[in-house]
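Chain by chain, the residues:
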Amino acid sequence: MSRTADEVSAQARLAADLIELDSAVAGCYACPRLVAWREEVAATRRAAFRDEEYWGRPLPGFGTSDARIAILGLAPAAHGGNRTGRIFTGDRSGDVLFAALHRAGLANQPTSVALDDGLTLRDTRIFPAVRCAPPANKPTPAERETCAPWFHREVELIRPTLRVVVALGAFAWAAWWPALTAVYGVRPPTPRPAFGHGAHWSGAGAPELLGSYHVSQQNTFTGRLTPAMLDEVFARAKTLAGLT
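For the structure given in this document, a descriptive report is provided here. Here the structure is a predicted model, which means the values were calculated and not measured. (Residues numbered from 1 in each chain as written. Predicted model: local features only at pLDDT ≥ 70, side-chain atom pairs only at ≥ 80, totals over all residues. Heavy atoms only, no water.)

A short note on the environment of Pro139
Tracing the chain through its elements places Pro139 in the loop between strand E3 (124-128) and helix H6 (141-158). Residue classification places Pro139 among the buried residues on the basis of a relative accessible area of 13%. The spacing of Pro139 and Leu34 is 105 residues in sequence and 8.2 Å in space, taken between C-alpha atoms. Setting aside its immediate chain neighbours within four residues, Pro139 contacts Arg33, Leu74, Val130, Pro134 and Phe171. (Helix = DSSP H or I, 4+ residues; strand = E, 2+ residues; numbered from the N terminus. Buried < 20%, exposed > 50% of the residue type's maximum accessible area, 1.4 Å probe, protein only. Contact = heavy atoms within 4.5 Å.)

Below, the structure is given as structure tokens:
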């Protein structure tokens, strides 16, 4: 159980594989504001889910241990992953994301509603930069930094096969640059490449980085992000990862 930033770093380094890492992540209590919020949401619940038992803990990653494509998100949704225990599961964002992954041949089904729904991924792993649902979906910089070792260790464990990182949104795009140094020993470019949908950065000795608008309702309901736009990103990711 991790209760400080130093303990998070130590526990992350000790994780020998993804199973150990996932277990350590789920036992993290290092950020008091996030702990209080995730537990409050789990206790009060949304009316539509009042008969369900919420997960109410940090979320581990989801997908294959030999992933060639990583999808980096922001943080779990309060009534999505924080309820179901799996990233992008049980919310509208997940509906959009997994439908796109299914169309791309990277998921065995187009829906993600519960831990026991039979969903599996192919050559892909998904994880958030921040593992707990934050109030107003906005982690603080300090919370992002405290949580970073979990994310960095996850990348390190799939490094042998990882070829492409798809960053969902500007927050994930910005979170990648410290990971680039922590895991690959590569200094980020200066100035940092600007985030945008379809943005692409390539550097020696590191995975290709692709940007995509986040699959939030704010983007998908307004048409800022369409299914066709998401399909283009994952088609490109597959090509760069050598999966086509």
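Next comes the rest of the write-up.
Considering the sheet that holds E3
An order of E1-E3-E2-E4-E6-E5 is seen for the six strands of this open sheet, with the pairing classed as mixed. Strands at the two margins of the open sheet, each flanked by one partner only, are strand E1 (62-63) and strand E5 (200-201). Alignment of E5 against strand E6 (residues 208-212), held across two bridges, turns out to be antiparallel. Each residue of the ladder has a partner; that of His200, found in E6, is Leu210. Each of E1, strand E2 (69-73), E3 and strand E4 (164-168) touches helix H5 (residues 92-103); the most contacted strand, E3, lies at about 165° to it. Running at roughly 175° to E6, helix H9 (residues 227-240) makes contact with E2, E4, E5 and E6 of the sheet. (Pairing = 2+ DSSP bridges. Axes fitted to C-alpha atoms, helices over the stretch in contact; angles between N-to-C directions.)

Overview of helix H3 (residues 32-44)
In this model H3 runs 18 Å from its N-terminal to its C-terminal C-alpha over 13 residues, within 8% of the 18 Å that 1.5 Å per residue would give. Every buried residue belonging to H3 is among Leu34, Val35, Arg38, Val41 and Ala42, and all of these are buried. Summarising the axial view, the buried residues of H3 lie within an arc of 140°, below the 170-degree limit, and thus occupy one face. Turned more than 90 degrees away from the buried face of H3 sit Pro32, Ala43 and Thr44, all of them exposed. On the buried face of H3, the contacting elements are helix H4 (81-84) and H6. In the segment just after H3, Arg45 is the residue with positive phi, at about 65°. (Expected span 1.5 Å × (residues − 1). Arc of directions from axis to C-beta.)

Thoughts on the pairing of E2
Within E2, five of the five residues are buried, leaving the element largely enclosed by the surrounding structure. Every second residue of E2 is oriented toward a common face, with Ile69, Ile71 and Gly73 on one face and Ala70 and Leu72 on the other, all of them buried. As defined by bridge partners, E2 adjoins E3 across five bridges and the pair is classed as parallel. Bridging from a neighbouring strand, Leu72 pairs with Phe127 of E3. With four bridges joining them, E2 and E4 adopt parallel strand pairing. In the sheet register, Ile71 faces E4, and the bridge partner there is Val166.

Regarding H6
Helix length check: H6 (18 residues) gives 25 Å between terminal C-alpha atoms against 26 Å at 1.5 Å per residue, within 8%. Along H6, the largest kink reaches about 40° and is centred on Cys147; proline Pro149 follows within four residues of it. Buried residues dominate H6, accounting for 13 of its 18 residues. (Bend = angle between axes of the 7 residues up to and from the residue.)

Quick look at the packing of H5 against H9
One can describe the packing of H5 onto H9 by two numbers: an axis separation of 10 Å at closest approach and a directional angle of 55°. With respect to H9, the element H5 is oriented oblique. Of the two possible hands of crossing, H5 and H9 adopt the one that is right-handed. In contact with Val96, Leu97, Ala100, Leu101 and Arg103 of H5, H9 contributes Pro227, Leu230, Asp231 and Phe234. (Parallel < 35°, antiparallel > 145°, perpendicular 65-115°, else oblique. Left-handed = near helix turned anticlockwise from the far one by under 90°.)

Remarks on the layout of surface pockets
When its volume is computed, the largest pocket comes out at roughly 620 Å³. If you go around the largest pocket, you meet 28 residues; those closest to its centre are Ser93, Asn137, His214, Ser216 and Gln217. Secondary structure elements with two or more residues in the lining of the largest pocket: H5, helix H7 (170-184) and helix H8 (217-220). If you tally residues by element for the lining of the largest pocket, the top one is H8, at three residues. (1 Å grid on protein atoms, 1.4 Å probe; cavity = no way out; pocket = protein on both sides within 12 Å on 5 of 7 lines; lining within 4 Å. Points joined across faces, edges and corners; volume = space filled by probe spheres on them.)

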